[in-house]
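Tertiary structure, described
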Amino acid sequence: MPKPTARSVVPGSRTGRLAQLYRRFGEVEATGTSLLYERVAVALSESDEALRAIEAAPARKRHPTVILAALHDLALAGRAPALAAAYAAVDGDAAAAAAVDALLRMTDSVVSLAARRKTRPDETGRYTVLYPAVAEAARRVGATAVGLVDVGCSAGLNLHVDRVGIAYSNGQSLGDPSSPVQVSASLVGDRPIPTRAIPKVVTRVGVDPDPIDVTDADDIRWVRACLWPDQPERVARLEAERALAATAPPMLLRGDAVELLPEALARVPADALPVVTTTWALSRLSRESREGFLQRLVEAAAGRPVAWVSAEGVGVAPAVPTLGDRRASGHSIIGLAVLDRSARHTEALGRCWSRGRLLAWLARR
């Protein structure tokens, strides 16, 4: 296998900046979290040939998370066996050498994967925020059935929020204790989570520009590849979620969220409350599109009540109160909007951190 070559790039040059990006990823972002990615990212930063190979990818697809996921996908597909073996053995040195070798041998494949795929954030943990908020939305309207519409759904895992088990650090629990998917979260503050259950879910619709089909082997392999290879607990969690979702695959609509929202809402039966959910999805939209998203909800509510549950960064979700928090504060706001004809009630139910692994419930009702 080729060894990383000595640095010969000019600091401040395009390649030099790429080297710095990969070194920082390995030495800062991966350190203490992934030994494998710590070694691999630094090895890539020290190889001129590897950096030039990465530069063949579109500029916005050169980030370590994308290139490392593409290499991981090839390993999982059996096309980079040495890398797969090193990952399985949690051998950082072997993984570093194998990753450079795989990138140089299969540059076109890596670049192709990076160009056509997008990294998939770990959806696990969002249930801890969504479950009590969706149940609260149904209570506010007096709904006995709901239709879930998840925007930015990725693999549509959020759409099965009612089928998982959730444990909170204060001893409270929600959902199904017998579910194969069990998640937990720590609570901040002394206000408990409401313990009411989500009513019957009659519709599950996801909207995403590039949705993941949980029954498609290539799609699921890519989601698996986006997880870091030395975090087996996350892999096991993903597989449990995938298997659960595959028993009742949701309807997935591919395209622009603002344009498709009316169609998605129309698929919810008239006797059920449409509950739209967004979890760290609106930040990918322009401010104009976010306002258009809210306007679509207002228009849909002209005929019947519609609820919107959000978990977004401070100030990202239009009309959701920010509680006086500053933007880019490191936490997110759990929002609930209930729209019915000309009336709109919007409030912040709480705050959350680490994508739902830590949360503070604030609503009093």
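On a predicted model such as this, the values are computed, not experimentally measured, just so you know.

Things to note about the overall build of the protein
When helices and strands are counted, the protein shows 12 helices and 11 strands. The C-alpha radius of gyration computed for the protein amounts to 22 Å, which stays within 12% of the reference 21 Å derived for 365 residues, consistent with globular compactness. Counting the 365 residues in the protein, one finds 55% classified as buried. Considering only contacts in the protein between residues 6 or more positions apart, those separated by 24 or more positions represent 72%. If you sum the accessible surface of the protein, you get close to 15,200 Å²; carbon and sulfur atoms cover 51% of it. Within the protein, the 40 negative side-chain charges are centred at a point lying 4 Å from the centre of the 46 positive side-chain charges.

Concerning the sheet that holds strand β9 (residues 332-340)
In spatial order, the strands read β3-β2-β4-β11-β10-β9-β8-β7-β1-β5-β6; together these 11 strands make up an open sheet with mixed pairing. Bordering the open sheet on either side are β3 (173-175) and β6 (251-254), each of which pairs with just one other strand. When the angles between neighbouring strand axes are averaged without regard to direction, this sheet yields 25°. Pairing geometry for strand β1 (residues 145-151) and strand β5 (residues 200-208), over 7 bridges, is parallel. Along β5, the bridge assignment pairs Asp 150 with Gly 206. Across the face of the sheet, helix α11 (residues 257-266) comes into contact with β1, β5, β6, β7 (273-279) and β8 (306-313) while running at roughly 160° to β1. In this fold helix α12 (residues 287-300) packs onto β1, β7, β8, β9 and β10 (343-353), with an angle of close to 165° to the strand it touches most, β8.

Re unusual backbone geometry
Excluding glycine, residues mostly have negative phi values, and the peptide bonds linking residues are mostly trans. Unusually for a residue other than glycine, Trp 280 sits at a positive phi of about 50°. Considering the arrangement of structural elements, one finds Trp 280 in the loop between β7 and α12. Look at Trp 280 and you get buried, because its relative accessible area is 9%.

Some details on the environment of Arg 327
You can see Arg 327 is positioned in the loop between β8 and β9. A relative accessible area of 49% places Arg 327 in the partly exposed class. Along the chain, Arg 327 and Gly 313 lie 14 residues apart, while their C-alpha atoms are 7.3 Å from each other. Of the polar contacts made by the side chain of Arg 327, one reaches the backbone oxygen of Gly 315; its length is 3.2 Å.

Notes on the pairing of β5
Of all 9 residues in β5, 7 are buried, a share of seventy percent or more. Sheet analysis places β5 next to β6, joined by 4 bridges and oriented parallel. From the neighbouring strand, Val 207 faces β6, where its bridge partner is Leu 253.

A closer look at the pattern of salt bridges
Across all of its chains, the model carries 19 salt bridges by this definition. The salt bridge involving Asp 73 is made with Arg 221; its shortest N-O contact spans 3.4 Å. Here Asp 73, found in helix α4 (residues 64-76), pairs with Arg 221, found in helix α9 (residues 217-225); they are 148 residues apart in sequence, far enough to count as distant. The exposure class of Arg 221 is partly exposed, given its relative accessible area of 23%. Among the salt bridges present, the one from Arg 139 reaches Glu 136, with a minimum N-O distance of 3.0 Å. Residue Arg 139 and its partner Glu 136 are located together in helix α8 (residues 127-141), separated by 3 residues, close to a single helical turn.

Concerning the packing of α4 against helix α7 (residues 107-116)
Put simply, α4 and α7 touch, their axes get as near as 9 Å, and they point 120° apart. One element, α4, and the other, α7, form an angle in the oblique class. Seen along the crossing, α4 lies across α7 with a hand that is right-handed. On α7, the residues touching Val 66, Ile 67, Ala 70, Leu 71, Asp 73 and Leu 74 of α4 are Ser 109, Val 110, Leu 113 and Ala 114. Considering only residue class, the contact of α4 with α7 consists of 8 nonpolar, 1 polar and 1 charged.

Some words on the side chain of Ser 332
Of note, Ser 332 is situated in strand β9. A relative accessible area of 8% places Ser 332 in the buried class. Of note is the side chain of Ser 332, whose polar atom sits 2.7 Å from the side chain of Trp 280. Not counting residues within four places of it along the chain, the set of residues in contact with Ser 332 comprises Trp 280, Glu 312, Gly 313, Gly 350, Arg 351 and Cys 352.

The rules we used
- Residues numbered from 1 in each chain as written.
- Predicted model: local features only at pLDDT ≥ 70, side-chain atom pairs only at ≥ 80, totals over all residues.
- Heavy atoms only, no water.
- Helix = DSSP H or I, 4+ residues; strand = E, 2+ residues; numbered from the N terminus.
- Rg over C-alpha atoms; globule rule 2.2 N^0.38 Å.
- Buried < 20%, exposed > 50% of the residue type's maximum accessible area, 1.4 Å probe, protein only.
- Contact = heavy atoms within 4.5 Å.
- Areas by Shrake-Rupley, 256 points an atom, 1.4 Å probe, with all protein chains shown as cover.
- Lys, Arg positive; Asp, Glu negative; His and termini not counted.
- Charge placed at Lys NZ, Arg CZ, Asp CG, Glu CD.
- Pairing = 2+ DSSP bridges.
- Axes fitted to C-alpha atoms, helices over the stretch in contact; angles between N-to-C directions.
- Polar contact = N/O pair within 3.5 Å; in protein donor to acceptor, adjacent residues only side chain to side chain.
- Salt bridge = Lys/Arg side-chain N within 4 Å of Asp/Glu carboxyl O.
- Parallel < 35°, antiparallel > 145°, perpendicular 65-115°, else oblique.
- Left-handed = near helix turned anticlockwise from the far one by under 90°.
- Nonpolar A, V, L, I, M, F, W, Y, C, P; charged D, E, K, R; others polar.

Purely spatial values, then, with no claim about function.
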